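Descriptive analysis of the structure
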Amino acid sequence: QIVHLAPRGRHIAYEPIPHLCQQLVTRFPTVDVRQAAVSNEPGETTFVHVSDSPALSGLRDRWNGGEQHRTEPITVRVETLDSSLPADYVPDFIKIDVEGAERLVFEGALKKLARHKPTILFEHGKGGADHYSTEPGDIYKLLTEDAGLRIFELGGDQPLTLAQFEEAFRRNEQWNFLARA
């Protein structure tokens, strides 16, 4: 949808799972697709690939090797948005769905976020954030105080206060939020 809505945009995507990365490269030849995970420190790490439900994969084993899902550890390259995006790249829109690791992504993108103030569609909810010891207040501080953005519910016209963001997290009825200047 993003490529369709902004066909002249300069799109960069990250996908750490090799076969899914290759599918994206083939399907979207105009997109700069990078086989890497995004976090707050560059390097290499173990990534938990949920083979029967790849969208649930991430930097932590949320399934504890249980029988609910088939998982396999893979070694992946890790980048930060601050260090890996081209110096002249000005992000207008960022979508983050990293199964609880959003705090790490924001920490590794803070310079770009504070400087360019892009609109960010991000997921933050129970079942993911708790595996990274992340509370709504951590996300709120990074985005509002450190990056100078405001957080909204999808379709909302008023920014959320910290208490409202914490309440939305506690209710666990929605996981997607928008941050913008």
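Because the structure is predicted, anything quoted here is derived from the model rather than measured. (Residues numbered from 1 in each chain as written. Predicted model: local features only at pLDDT ≥ 70, side-chain atom pairs only at ≥ 80, totals over all residues. Heavy atoms only, no water.)

**Side note on the sheet that holds strand β6 (residues 93–96)**
Within a sheet, each strand pairs with its neighbour through backbone hydrogen bonds, oriented either parallel or antiparallel. Across the sheet, which stays open at both edges, the four strands sit in the order β6-β7-β9-β8 with mixed pairing between neighbours. The sheet terminates laterally at β6 and β8 (150–153), the two strands that pair on one side only. Across this sheet, the average inter-strand angle for adjacent strands is 20°, counted without regard to direction. Bridge count for strand β7 (residues 119–123) against strand β9 (residues 176–180) is four bridges, and the pairing is antiparallel. Along β9, the bridge assignment pairs Leu 121 with Leu 178. Contacting β7, β8 and β9, helix α6 (residues 136–146) runs over the sheet at an angle of about 120° to β8. (Pairing = 2+ DSSP bridges. Helix = DSSP H or I, 4+ residues; strand = E, 2+ residues; numbered from the N terminus. Axes fitted to C-alpha atoms, helices over the stretch in contact; angles between N-to-C directions. Contact = heavy atoms within 4.5 Å.)

**Considering the layout of surface pockets**
Estimated volume of the largest pocket: approximately 1,500 Å³. In terms of lining residues, the largest pocket is bounded by 42 residues, among which Ile 12, Ala 13, Tyr 14, Lys 95 and Asp 97 are the most central. Of all the elements in the fold, those that place two or more residues in the lining of the largest pocket are α1 (2–5), β1 (12–14), α2 (18–27), β3 (37–38) and β6. Sort the elements by how many residues they give to the lining of the largest pocket and β6 lands first, with four residues. Classifying every residue of the lining of the largest pocket by side-chain character gives 30 nonpolar, five polar and seven charged. (1 Å grid on protein atoms, 1.4 Å probe; cavity = no way out; pocket = protein on both sides within 12 Å on 5 of 7 lines; lining within 4 Å. Points joined across faces, edges and corners; volume = space filled by probe spheres on them. Nonpolar A, V, L, I, M, F, W, Y, C, P; charged D, E, K, R; others polar.)

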